[in-house]
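# What the coordinates show
Spelled out, the chains give:
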Amino acid sequence: MTDDGVDDAPSPERLKAVVRRGMDLSKTVPISIMEVGAWANINYVYRIEIPGRRFYLKVVPERPKRFPVRLPRERVFSEAEGLRRFHNMAGNEIVIPELLFIDGQEMAMAMTDVGEGREVLLTLLPERFDLLSEQAGVLGRALGTVHCGTRGGGTPRPPREEVIIRRVIFDGLLAPGAREVFPELWDEVRNGMEEHKECLIHGDLWSKNMLVRSGEPVALVDFEGVSYGDPAFDLGTLIAVALVPGIQQPALMRDAIAFTSTLLRAWASTCGSDDWAGDVVPRAFRASATFLAARGFGPFPYPMAAAARKRIGELARSLAADPPSDINAFRAVAVW
């Protein structure tokens, strides 16, 4: 319920109407609906079951669930286009949901279920770090395919919407933690992250959006943050995903560095541009500083011991102040 008394979450009746329209179902077909967006900060996500099929429905509100801002609901069309592009380009390496339909009346989109037999990586780390480690190469190749394939191609979002999405990400999600950890550097780091508008990026590659199963390709979900930006943003997020368990359990830090090395090598090899990789990799290490700060001190910090939070702050500050030029320099900073 919002402060003006309006609940942006659609009623079950409205959700069923969306499913009937989108799937061309009669009124007699039973529909089961369960909200599943435990980690969703912006949209409403539901698991839908009809006879013989299960899929997911995302409803895009004007007022995000956990942010006191207003966003254009039409962004659902941009997210759908970003999802389509990722699915078409990276689908041979990793698993991406397939778009089933868009409902313009409720600003909702339905997607295939890519989680059967898989678990959310966030719930498994750091105890099963191997489930992340084994995905380093496929993630690097998939991102390299999308980043390189869309380089210079432009954004799927209207310009005004792109600006709004960036403000939510940078002001709402990233700035609070960064200002806590390296306040005098934040403006410089932020300007660097926003300066490079080079290719299509996912924009939200946290472990909550990765579904894993041992020996199987990772599945990526939640394309709300898709925009035209810096590939270092996606790479830096994944580096932070690996570093947090390494900081919490120092015995895992070498595995985190190995993940980072494989990720970056696979990405650079897929892109096939040494010059571009030489520019992007240091930016990725510096971007990871911002994401570490967000996980330790941002609006939705991870639970962790005080010593681990202190180490996150120290490493984030070091990466922001003097970003490593390559994996060897990164190793020297990250291992203590």
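Below or above, wherever it landed, is the structure these notes cover. (Residues numbered from 1 in each chain as written. Predicted model: local features only at pLDDT ≥ 70, side-chain atom pairs only at ≥ 80, totals over all residues. Heavy atoms only, no water.)

Time to look at the overall build of the protein. A count of helices and strands for the protein gives eleven helices and ten strands. Here the protein has a C-alpha radius of gyration of 20 Å; the compact-globule value for 336 residues is 20 Å, and the two agree. For the protein, the spread of C-alpha atoms along the principal axes amounts to about 65 × 45 × 40 Å. The buried share among the 336 residues of the protein stands at 55%. (Helix = DSSP H or I, 4+ residues; strand = E, 2+ residues; numbered from the N terminus. Rg over C-alpha atoms; globule rule 2.2 N^0.38 Å. Buried < 20%, exposed > 50% of the residue type's maximum accessible area, 1.4 Å probe, protein only.)

Along the chain, His-202 turns up in the loop between strand S7 (199–201) and strand S8 (210–212). Residue His-202 is classed as buried on the basis of its relative accessible area of 0%. Setting aside residues up to four positions removed in sequence, His-202 forms contacts with Phe-86, Val-221, Asp-222, Phe-223, Gly-225, Val-226 and Asp-234. A polar contact of 3.2 Å, which involves the side chain of His-202, links it to the backbone oxygen of Val-221. (Contact = heavy atoms within 4.5 Å. Polar contact = N/O pair within 3.5 Å; in protein donor to acceptor, adjacent residues only side chain to side chain.)

Summed over all chains, the structure comprises 26 salt bridges. Its salt-bridge partner being Arg-75, residue Glu-224 comes within 2.7 Å of it at the nearest N-O pair. With Glu-224 in the loop between strand S9 (219–220) and strand S10 (227–229) and Arg-75 in helix H2 (residues 75–90), this residue pair connects regions lying 149 residues apart in the sequence. Between Glu-93 and Arg-141 there is a salt bridge, with its nearest N and O atoms 3.2 Å apart. Of this pair, Glu-93 sits in the loop between H2 and strand S4 (99–103) while Arg-141 sits in helix H4 (residues 136–149), and the two are 48 residues apart along the sequence. Judged by its relative accessible area of 26%, Glu-93 falls in the partly exposed class. For Arg-141, a relative accessible area of 33% corresponds to the partly exposed category. One salt-bridge network, in which partners are shared between bridges, spans Glu-162, Arg-166, Arg-167, Asp-171, Arg-190 and Glu-194. (Salt bridge = Lys/Arg side-chain N within 4 Å of Asp/Glu carboxyl O.)

To continue, consider the packing of helix H9 (residues 274–297) against helix H10 (residues 306–321). Contact geometry for H9 and H10: axes closest at 8 Å, N-to-C directions at 155°. Between H9 and H10, the angle is such that the two are roughly antiparallel. Handedness of the H9/H10 crossing: left-handed. Between H9 and H10, the residues in contact are Phe-285, Arg-286, Ser-288, Ala-289, Leu-292, Ala-293, Arg-295, Gly-296 and Phe-297 and Arg-309, Ile-312, Gly-313, Leu-315, Ala-316, Leu-319 and Ala-320, respectively. Of the residues in the contact of H9 with H10, the class split is ten nonpolar, three polar and three charged. (Axes fitted to C-alpha atoms, helices over the stretch in contact; angles between N-to-C directions. Parallel < 35°, antiparallel > 145°, perpendicular 65-115°, else oblique. Left-handed = near helix turned anticlockwise from the far one by under 90°. Nonpolar A, V, L, I, M, F, W, Y, C, P; charged D, E, K, R; others polar.)

A word on the nonpolar core. If you look at the biggest cluster of nonpolar residues, it comprises 90 residues, and the most contacted ones within it are Leu-174, Phe-182, Leu-220, Leu-243, Trp-267, Leu-292 and Phe-330. For this core, the element with the highest residue contribution is H9, accounting for twelve residues. Beyond its immediate stretch of four places on either side in the chain, Leu-292 contacts Ala-240, Leu-243, Val-244, Ile-247, Ile-312, Leu-315, Ala-316 and Leu-319. Ranked by size, the runner-up nonpolar core spans 14 residues in total, among them Val-18, Val-19, Tyr-44 and Val-59. (Core = buried A, V, L, I, M, F, W, Y, C linked by side-chain atoms within 4.5 Å.)

Reading across from one edge, S1-S2-S3-S5-S4 is the order of the five strands in this open sheet, with antiparallel pairing throughout. Two strands bound the open sheet, and with one partner strand each, they are strand S1 (32–35) and S4. Within the sheet, the average angular offset between the axes of one strand and its neighbour, ignoring direction, is 25°. Pairing of S1 with strand S2 (residues 44–50) involves four bridges; the strand directions are antiparallel. Bridge pairing in S2 places Glu-35 opposite Tyr-46. Across the sheet, H2 lies against strand S3 (53–59), S4 and strand S5 (108–112), angled at about 20° from S5, the strand it touches most. (Pairing = 2+ DSSP bridges.)

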